[in-house]
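Structural characterization, general
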Amino acid sequence: MSETVSEAGTAAPAEPDRASEPAAPAPLGIPRTPTGDAGVDACLERLADADHLATDGHAEVYEDVLRGLRDALTALDARPEPPAPPTPYPSRP
């Protein structure tokens with residue numbers, strides 16, 4: 001530990017370097033508005049898990065949320081479309 005010399009010439013212990021200490025996890029307080037789609041809403045709620053993790057744990061949460069949102073978008077493409085209305089046969093002269 002380093003020491004600093006005060007004006008009186010006596011050695012005083014230096015304060016710890018707090019800049020090198022990581023900050024404790026803290027919620028960002030960003031509201032999540034429900035979308036009405038249960039799958040998407042579950043993904044958005046998963047983001048709240050990052051509020052309680054250190055920064056190095058955020059990537060796992062974000063990747064999980066991204067995977068869930070991609071799955072939700074893929075499911076939209078996989079839904080069957082309603083059948084097209086029948087086309088009438090052309091009339092013959």
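Residues numbered from 1 in each chain as written. Predicted model: local features only at pLDDT ≥ 70, side-chain atom pairs only at ≥ 80, totals over all residues. Heavy atoms only, no water.

Quick look at the packing of helix H1 (residues 38-46) against helix H2 (residues 58-78) now. Geometry of a packed helix pair, given as the angle between the helix axes and the separation of the axes. The geometry of H1 relative to H2 is characterised by a closest axis approach of 9 Å and an angle of 170 degrees between their N-to-C directions. Between H1 and H2, the angle falls in the class roughly antiparallel. The residues of H2 that touch H1, namely those facing Val-40, Cys-43 and Arg-46, are Glu-60, Val-61, Asp-64, Val-65, Gly-68, Leu-69 and Ala-72. In terms of residue class, the contact of H1 with H2 is made up of six nonpolar, one polar and three charged. (Axes fitted to C-alpha atoms, helices over the stretch in contact; angles between N-to-C directions. Helix = DSSP H or I, 4+ residues; strand = E, 2+ residues; numbered from the N terminus. Parallel < 35°, antiparallel > 145°, perpendicular 65-115°, else oblique. Contact = heavy atoms within 4.5 Å. Nonpolar A, V, L, I, M, F, W, Y, C, P; charged D, E, K, R; others polar.)

What follows deals with the side chain of His-58. Position of His-58 relative to the elements: it lies in helix H2. Relative accessible area serves as the criterion here: at 19%, His-58 is assigned to the buried category. Reaching out from His-58, the side chain makes a polar contact with the backbone oxygen of Ala-50 at a distance of 3.0 Å. Every residue in contact with His-58, bar those within four places of it in the chain, is listed here: Ala-50 and Leu-53. (Buried < 20%, exposed > 50% of the residue type's maximum accessible area, 1.4 Å probe, protein only. Polar contact = N/O pair within 3.5 Å; in protein donor to acceptor, adjacent residues only side chain to side chain.)

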